Amino acid sequence: MYLMNRAVIKAVRVNATRRLSTRASTILSALDLPTTEEITGVYDGQWRGSGDIFSSVCPTTGETLAHVRGASPQELHDAIARTRDAYTFFRHIPAPRRGELLRQIREALAAKREALGALVSLEMGKIRTEGVGEVQEFIDIVRDFMRSERKTVLMDETVRLWRWFVQDDEWQRRCIRAPGAFHFRRNLALSLAAGNATIWKPSPSTPLCSIAVTKIVAQVLEKNDIPGAVAGLVIGGKDAGEALAESRDIELESKLIFVVSFTGSEHVGRIVASIVMPDADLSLAVPAVFFGAVGTAGQRCTSTRRLYLHRNIASEFLERLQKLYAGVKPADPLIEGTLLGPLHSTAGVETYANAINHLRSIDAEILSGGSKYTEEPLNVGNFVQPTIAIPKSVDPSDKIWSTEIFAPILNAAIFDDLDEAVSWNNAVPQGLSSSLWTRDIRNVGKWIGPGGSDTGIVNLRPTQVNVGTSGAEIGAAFGGNKLTIEVGASTYDNPRGRESGGDAWKQYVRWSSCTHLVIVNFSDSAPLAQGVNFTT
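Residues numbered from 1 in each chain as written. Predicted model: local features only at pLDDT ≥ 70, side-chain atom pairs only at ≥ 80, totals over all residues. Heavy atoms only, no water.

Overview of the packing of aromatic side chains
The criterion, for reference: Stacked, tilted and edge-to-face are the three classes applied to pairs of Phe, Tyr and Trp rings, where Trp contributes its six-membered ring and a pair requires centres within 6.5 Å; stacked means planes under 30 degrees apart, edge-to-face means over 60, and tilted covers the rest. To sort residues, take the accessible area from a 1.4 Å probe on protein chains only and compare it with the maximum for the residue type: under 20% means buried, over 50% means exposed, and anything in between is partly exposed. For a lysine, the NZ atom is tested; for an arginine, the CZ atom; a charge sits over a ring if that atom is within 6 Å of the ring centre and within 35 degrees of the ring normal.
Under the definition given, this model contains four aromatic pairs. Ring centres of Y43 and W47 lie 4.9 Å apart, and the angle between their planes is 40°; this geometry places the pair in the tilted category. For Y43, a relative accessible area of 7% translates into the label buried. The ring of W47 carries the charged tip of K215 above its face, separated from the ring centre by 4.9 Å.

Looking at unusual backbone geometry
The following threshold applies: We count a stretch as a helix when DSSP gives it H or I for four or more residues in a row; a strand needs E for two or more, and each element gets its number in order from the N terminus.
Cis geometry marks the peptide bond from E376 to P377, where omega comes out at 0°. Following the sequence through the fold, P377 ends up in the loop between β13 (365-368) and β14 (387-390). At D32, a position not held by glycine, the phi torsion is positive, near 60°. With respect to the element layout, D32 can be found in the loop between α2 (22-30) and β1 (39-40). Unlike most non-glycine residues, A297 shows phi in positive territory, near 55°. On the accessibility criterion, A297 (3% relative accessible area) is buried.

Examining the nonpolar core
To keep things clear, this is the line we draw: Residue types Ala, Val, Leu, Ile, Met, Phe, Trp, Tyr and Cys, when buried and joined through side-chain atoms within 4.5 Å, form a set referred to as a nonpolar core. Here a residue-residue contact requires only that any non-hydrogen atoms of the pair lie within 4.5 Å.
L33, L109, L116, L119, L122 and L208 are the most contacted members of the largest nonpolar core, which has 59 residues in total. When residues of this core are assigned to their parent elements, the largest contribution, 10 residues, is made by helix α8 (residues 207-223). In contact with L109, other than residues within four places in its own chain, are L116, F138, I139, V142 and I216. V276, M277, A297 and I405 belong to the second-largest nonpolar core, a separate cluster that totals 54 residues.

Quick word on the pattern of salt bridges
Filter applied, for reference: What makes a salt bridge here is a side-chain nitrogen of Lys or Arg within 4 Å of a carboxyl oxygen of Asp or Glu, nothing more.
Counted according to the given criterion, the structure contains 15 salt bridges. With a shortest N-O distance of 2.2 Å, R48 and D44 are connected by a salt bridge. Across the pair, D44 and R48 agree in class, each one buried.

Some details on the sheet that holds strand β5 (residues 64-69)
Under the convention used in this document: Strand pairing requires that DSSP identify at least two bridges connecting the strands. Angles here are taken between N-to-C directions and fall from 0 to 180 degrees, while the axes themselves are lines fitted to C-alpha atoms, restricted in helices to the stretch in contact.
Here three strands make up an open sheet; going across it, the order is β1-β5-β4 and the pairing mixed. The open sheet is flanked by β1 and β4 (53-57), the only strands paired with a single partner. Where β1 lies against β5, two bridges are found, and the strand directions are parallel. Residue pairing in the sheet places I39 in a bridge with V68 of β5. Against the sheet, α8 touches β1, β4 and β5, its axis set at about 65° to β5.

So this is what it looks like as structure tokens:
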């Protein structure tokens, strides 16, 4: 019934000495990651680490993939200092050269796309196609900002003599510290394009993905005689993340501005909803909701958590959706064709179980799923059943509606008119993403109008029509509204954080209007604007 290789599971069970399975060692070796000894997890121009040990555990098999030595307090302090020094150097690198660096980074990432994608599946648990897609998104973002860099600062470095006359209104300004979830530093491309230095504190549960990416970027920097601390890395736990986020070393010692770019965890609420109208094309809506709720085992920031169905189509929609759920077969995410992999961690399994228990305690109707897989060989991994539930209450203040669960749990409710559904959508404190399924242009107008959906976006288009919630467009703004503003990709002086799109530049550069760009006075007098007379 299941596609996972039982031989792999057996090897894991008898492997008490941490000799890696062939499955794991092949992937790590392809990325030049050690397969036997301890791995250092601090990079600021050189690799080191003498702090706490963090274990990378495969969520599919329970196999320990590596032990990573994180940063000590002194190493964290030193890494911040080196990042500061790297910034004072890198900000003077001509913009076209920074664009060339991005081009080389993109090519280096593309050369390792399949291996990096496999590592995402191995360490995080995403199915293979999504793991590769994650890497491709990173590659595309680098390409996008590489082109933007050449376009927006073309005159900035035209024979360099132009610089003082074409400053426009954006300058690189920051050392970027980036605590983040899971594995990839998407904001690195924008940060480098803007001439910033970055220190990355990734999730401690996926250190290998972070180290592999940093190694690739570091090789490009070294080849171009750029300090490695321009793209530094610090593996650490919550204490390291808090210390990094609260550090004032940059402001106190060099008077530079220091920004935090944060990609959230389960504490960063992003309750995502889909609304399906009676005129919707169900052949499009049902598969999209299915992927939105089940893809990545429900662990995306844009995974569909809430489903609001018009009464006229609710029964048919749920019947079709349950058939898709019944056809899902959990399996090793590295195997081609797998649609459902494991949750990333045992903590995620516990969160899933608690949510299911709460649904049962409030007498919710569970249409599909509701349990952890206990059959061999799935029982050694973090596999849970995708769940559809219909809570009796549709009160948005109930925690089942207002608390995000990073697991494949989809809660459904039935509405009678669009205004009712929009009010439910907007009633939660989070504001990431939402989608409407309709073919009526009047519904579209209401949905995108002042009384419509109040969400922003994190991984895709903002308020969507006939598009699922789960996905990403690299050219669109990357952030949210309401509570998601406060805890999303925010900065000290601009809480409305965005990581992609046109607004993203505002968080990575210093903005100032330089009037000599548009006004050059060639006369022998200095007239005031608007004809003001200020003579004595």
